[in-house]
Amino acid sequence: MTAKSKAHSDLGLATDYRPLELEKEIREFWENNQIRDKLELREKDSKGILGYVEGPPTLNGIPHIGHARGRVMKDIRYRWKTMQGYYVPFWAGWDCQGLPVELEVEKLLGVKNKRELLERVGEERFIEECKKVILKYHREWVEADRRLGVFINQKKAYWTYRDEYIEREWQYLKRAWQQNLLEEGHYVVAYCPGCQTSLSSAEVGYEGSYKEVEDPSLYFKFKLANSQNEYFLAWTTMPFTIITDTMLAVKPEAEYIKVRVGDELWIMVRQRVEPVMQELGITKYNVTENMTGKSLEGTKYDYPLKDIIPKQAELETKHPLVHTVICEDFVDVNTATGVVHLSPGNGEEDFWAAQKRGVPIFAPFDDEVKFTRDAGVFNGVFARDTDYLVVEELRNRNAFVQVKTVKHEYPTCWRSHHKLVWLARKEYFLRTDKINKKVLEAAEKIDYYFEAPKNRFISFLKEGKPWCISRERVWGTPLPIWACASCGHKRIMSSKAELMENALEKIPENFELHKPWVDRVTLKCEKCGGVMRREDYVLDTWHNSGASPYARFADEEFGKFVPTDFLTEGIDQTRGWANSLLLEYVILTGKPEGPYRSFLFQGLTQDAKGRKMSKSLGNVVEANKLLEKYSADLCRFYMMRKCSPIDFMNFDLQELNRRSYQVLSTLYHLSRFFLQNAEFDGFKPAKNLLKSWDKLSATLQAPDRWLLSKLQWAITEYTDKLARCEFNSALAVLEDFVIETLSRLYVPMIRKELWTDDPETLERRWAIYAILHYTLKTVTLLFNPVTPYLSEALYQNVYRRLDQKLPDSINFESWPEPNENLRDEALEAEFEILFKCTSLVYAARQQAKLKRRWPLSTVIIVAPEKVSNTLRHVEPLFLELTNVKTAEYAQQVPEYVAGENWISASEGEVYVFVSGHRDETLLGEGIMRDLARRVQALRKELGYMPTDVLDAVHIAELDAESVGLLGSYLEEMTGLVRAKKVYLHGVRGEVKAEWHESELDGKKIYITIH
Ligand SMILES: [Zn+2]
Ligand SMILES: [Zn+2]
């Protein structure tokens, strides 16, 4: 027993597919044999280079399942293209600076705002803390990649905070500066009072930043100058902006009227009179004079708060249009009153309206968005906290009409969720509006795989606004612009060496390109000899990562790897990385080209119920925690198989172990089945696997040729779908091939041939092994990008075990190419009909409760001639699959099948009829042959040689009916199984032996041999 079962227990594959154990072993195998490092050496022998730049995750949190999904897509592309013979610089990268990291550290330090941060913590320590935090999260990310089997090269990672990276990022700014695309400007920007920094317009539209908030809804009136009872009626949801009010705007061609309410006349647009009066609850009013908007232009009004904001009175003396009506086309006459109050210090359109008329911009705010002394009595109050104070002041001055509250969608900070405020500030801008045409041209050349995300991206790019890149923060790439305190002259720096050369004082040892050290460097003004100091801004973090194509490489690498072949990130990166990469690259090269040739935008990942994953809901699936308990291959397969990469995916742990497990486990067991049989029969791939299928074709039978044909189709389809990033439908092809074609259809057709150990049929068995070897190995290679652990395990334990000359790892193998000579579409069509008719026979049997094992005498096929002819072609196989002795064909239903002994099943134009008559001789023979096959399989499994004659075969717990039918065939059976005697037992207890479980018609039976 021990010697005989050696082959069995020694098999490299455990009886069950246990992915967690298997993955641990393979991970160690990869690490001990430096498989990933060796792939890095293959650049010279590659058939080409496909550039890649990692979209750097921000190191401000731990990786969750959504990140894992994106990383798997990257890894699939890498492993696939590598097997195709390309070299891909699949190197990691980390986004280390900026607001997201700063806020994470503020939280850890228990600091509420920037002022507190600078006073309590200080810049130097703050920066050290930021570095600690990114290192902490870095460990988590590397571990997640390791568990997930993501083959990204961690040793070659780039870090956006390192001096060498910053220096190369500065090169972009220098290019922009040279093209006059980088400039300081006084613009209205979105500003977060919590983070105390401005945001780019891309960030304002960021996923999830619009929230429903409650604001005042205020109607107010400004009295016309030189009039006793005429007023302009206006509306706002931000009463604090009345403090900075400078003008009113009307639409020139619209019709305005005066509405008499009590003793007063209110001016507003005609079409809004009824709804506004209704909202104000005013029923007694009448409409008097009408006029065009144009005729109101130049009308002066009394700004009501001049007594408490003296600066407003002063502004009137500075420009004649202050507190005057102007005409603007942007005025919307379909909402509110059609009279718009303008605060150039707090609104983008308002700002431009003032700017083009030379009207001064009144923006009396400090960095915390508190009003300054210029705002008079409101000095020191946070802007949004003055809303109701303003209402009261208006009320005291007969300028108030009504206040209610309104719930509306309003942009909040994507990091801290404070309500954003629009403020005119001095900032630095990349004038990307000037190069918008080139950017759009570049964007059109890129392949996005799917229409919807492409349209979304292009329409965002069309907005083409200037990009505010300056941030009033600490932990970031410093803006490398120095300005002269005396004459205002500015100079841009682009390297540390240049700084050292030009510095007024010696630069200290611990100097790094960060605040506060970089702020201590002063330069001498070339123009006037004055002292130049750095403009105190850091860069938008999106600028950091957007610089990666140039900043992460050395010059030579940049030439080789950029533009990159393929990038992929979440759909939220439409406004993020995909955008900043493109804008910066067009600036860098001056050409209408992107740094990537294709970009896949991934859908986001949600919880099982379709809710967004968030800390507050507690439904975030952390990658490392998940992968401690669940197989990486299963997660990878499940996530890729479940839906299209651009779909929102609902990640459901319950589903993980169902279909995904079934697919991978089936491949595992098929491979094990092959290995077990092949080893028993001494199959040697090098010797038995004929290089040319033509030579083998003499021993190939129809099912073999059918399988080989289906395999070629699967290779082509799968590869095409991978190329189109349709991972889910690509995997559907493989899944169907493994589960249906191979496991459910092909293996049952050849299994019986493998049960025997007859030397006379050894050649045929070798042919089957050659087919299984080729097919299963091909499938294993195709699976490798998606399930790298299972594929490597099968590669090592099946294919390298049979042939030690194979490469060290599956990752050094070549991607399977379809062999068109093996494709036979006519045969595939024949088999389609064969399987259809076979399943009809099964259906008929089931109706009449005729077990498949019971041989039947006749089947009649009533079908169109084409179907019948096809079936005749494969009739022996059809009869074997259906376990019927003869087949008859007809165009019409014969009369004699009308009797109750015939059972039929049909689909479309095809009918089958089987005779329900049970022939006891046939039944007995059927049972005997079935049992004999099971005994033969057991002989093989236990390692008996074909020449060994068994002393006895014992079969236990066969049902009484079968025992009865079998009686006269026992003698014949002893010959078939090469045994001296066959015994039948009612229960196992009758013989003390090691019983082997088997089954007959779904019922358990037990066999032992010796
Ligand atoms: Zn914020
Ligand atoms: Zn100067």
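Residues numbered from 1 in each chain as written. Chains lettered and ligands numbered in written order. Predicted model: local features only at pLDDT ≥ 70, side-chain atom pairs only at ≥ 80, totals over all residues. Heavy atoms only, no water.

Thoughts on the coordination of the zinc ion (ligand 2)
Part 1: Protein coordination at the zinc ion (ligand 2): the donors are Cys484 (SG), Cys487 (SG), Cys525 (SG) and Cys528 (SG), at 2.2 to 2.3 Å from the metal.
Part 2: Metal-centred angles of 99 to 114 degrees between the 4 donor atoms at the zinc ion (ligand 2) mark the site as tetrahedral.
Part 3: Along the chain, the residues that donate to the zinc ion (ligand 2) are spaced as C-x2-C-x37-C-x2-C. With a gap of 41 residues between them, cysteine 484 in strand S20 (residues 481-484) and cysteine 525 in the loop between strand S22 (523-524) and strand S23 (531-534) connect regions that are remote in the sequence. With respect to burial, cysteine 484 and cysteine 525 carry one shared label: buried. (Donors = N, O, S within 2.8 Å, 3.2 Å for Na, K, Ca; no water. Tetrahedral: all angles 85-135°; square planar, octahedral: opposite > 155°, others 65-115°. Helix = DSSP H or I, 4+ residues; strand = E, 2+ residues; numbered from the N terminus. Buried < 20%, exposed > 50% of the residue type's maximum accessible area, 1.4 Å probe, protein only.)

Some thoughts on the packing of helix H4 (residues 65-83) against helix H7 (residues 123-148)
Each packed pair of helices is defined by two parameters, the angle between the axes and the distance between the axes.
Part 1: Relative orientation of the contacting elements H4 and H7 amounts to 55 degrees, with a least axis distance of 11 Å. Considered as vectors, H4 and H7 are oriented oblique to each other. In this structure, H4 crosses over H7, and the sense of that crossing is right-handed. Residues His67, Ala68, Arg71 and Val72 of H4 touch H7, and the partners they reach there are Trp141, Asp145 and Leu148.
Part 2: Residues of the contact of H4 with H7, tallied by class, amount to 4 nonpolar, 1 polar and 2 charged. (Axes fitted to C-alpha atoms, helices over the stretch in contact; angles between N-to-C directions. Parallel < 35°, antiparallel > 145°, perpendicular 65-115°, else oblique. Left-handed = near helix turned anticlockwise from the far one by under 90°. Contact = heavy atoms within 4.5 Å. Nonpolar A, V, L, I, M, F, W, Y, C, P; charged D, E, K, R; others polar.)

Details of the nonpolar core
Part 1: Judged by nonpolar contacts, the single largest core of 257 residues is most densely connected at Leu499, Met639, Phe674, Tyr746, Val859 and Val953.
Part 2: Counting residues in each nonpolar core, the second largest holds 51 residues, with Met247, Tyr301, Val322 and Phe362 among its members. (Core = buried A, V, L, I, M, F, W, Y, C linked by side-chain atoms within 4.5 Å.)

Comments concerning the coordination of the zinc ion (ligand 1)
Part 1: The coordination sphere of the zinc ion (ligand 1) contains the protein donors Cys192 (SG), Cys195 (SG), Cys413 (SG) and Ser416 (OG), at a distance range of 2.1 to 2.3 Å.
Part 2: One way to put it: the 4 donor atoms around the zinc ion (ligand 1) meet at angles of 98 to 119 degrees, and that makes the site tetrahedral.
Part 3: When the donors of the zinc ion (ligand 1) are listed by position in the chain, the intervening gaps give C-x2-C-x217-C-x2-S. By the burial criterion, cysteine 192 is buried, and cysteine 195 matches it.

Some details on the layout of surface pockets
Part 1: Taken as a whole, the second largest pocket holds about 2,000 Å³ of empty space.
Part 2: In terms of lining, the second largest pocket is formed by 49 residues, of which the most central are Asn60, His64, His67, Arg415 and Asp572.
Part 3: Taken together, the elements giving at least two residues each to the lining of the second largest pocket come down to H4, helix H5 (99-109), H7, helix H17 (541-546), strand S25 (567-570) and strand S27 (605-606).
Part 4: At 5 residues, the largest contribution of residues to the lining of the second largest pocket is made by H4.
Part 5: Classifying every residue of the lining of the second largest pocket gives 14 nonpolar, 22 polar and 13 charged. (1 Å grid on protein atoms, 1.4 Å probe; cavity = no way out; pocket = protein on both sides within 12 Å on 5 of 7 lines; lining within 4 Å. Points joined across faces, edges and corners; volume = space filled by probe spheres on them.)

Concerning the sheet that holds strand S31 (residues 902-907)
In a beta sheet, neighbouring strands pair by backbone hydrogen bonds and run either parallel or antiparallel.
Part 1: The strand order S30-S29-S32-S31 describes an open sheet built from 4 strands, whose pairing is mixed. What marks the edges here is a single partner per strand, and that holds for strand S30 (884-890) and S31. On average, each strand axis in the sheet is tilted by 20 degrees relative to the strand beside it, whichever way the strands run.
Part 2: Taken together, the 6 bridges between strand S29 (residues 856-862) and S30 define a ladder with parallel strand orientation. When the sheet's bridge partners are listed, leucine 856 is paired in S30 with valine 884. (Pairing = 2+ DSSP bridges.)

Let's talk about the pattern of salt bridges
Part 1: Throughout the structure, instances matching the rule amount to 90 salt bridges.
Part 2: The residue aspartate 215 makes a salt bridge to lysine 419 at a minimum N-O spacing of 2.9 Å. Within this pair, whereas aspartate 215 is found in strand S7 (residues 210-224), its partner lysine 419 is found in the loop between strand S16 (400-411) and strand S17 (421-430), the two being separated by 204 residues in sequence.
Part 3: Across the pair arginine 934 and glutamate 999 runs a salt bridge whose closest N-O atoms are separated by 3.7 Å. Of this pair, arginine 934 sits in helix H34 (residues 920-941) while glutamate 999 sits in strand S35 (residues 996-1000), and the two are 65 residues apart along the sequence.
Part 4: A residue is classified by how much of its surface remains accessible, and arginine 934, at 16% relative accessible area, is buried.
Part 5: Take glutamate 999: its relative accessible area is 37%, and that puts it in the partly exposed class.
Part 6: In this structure, a network of salt bridges that share partners links the residues Glu54, Arg71, Lys74, Asp145 and Glu569. (Salt bridge = Lys/Arg side-chain N within 4 Å of Asp/Glu carboxyl O.)

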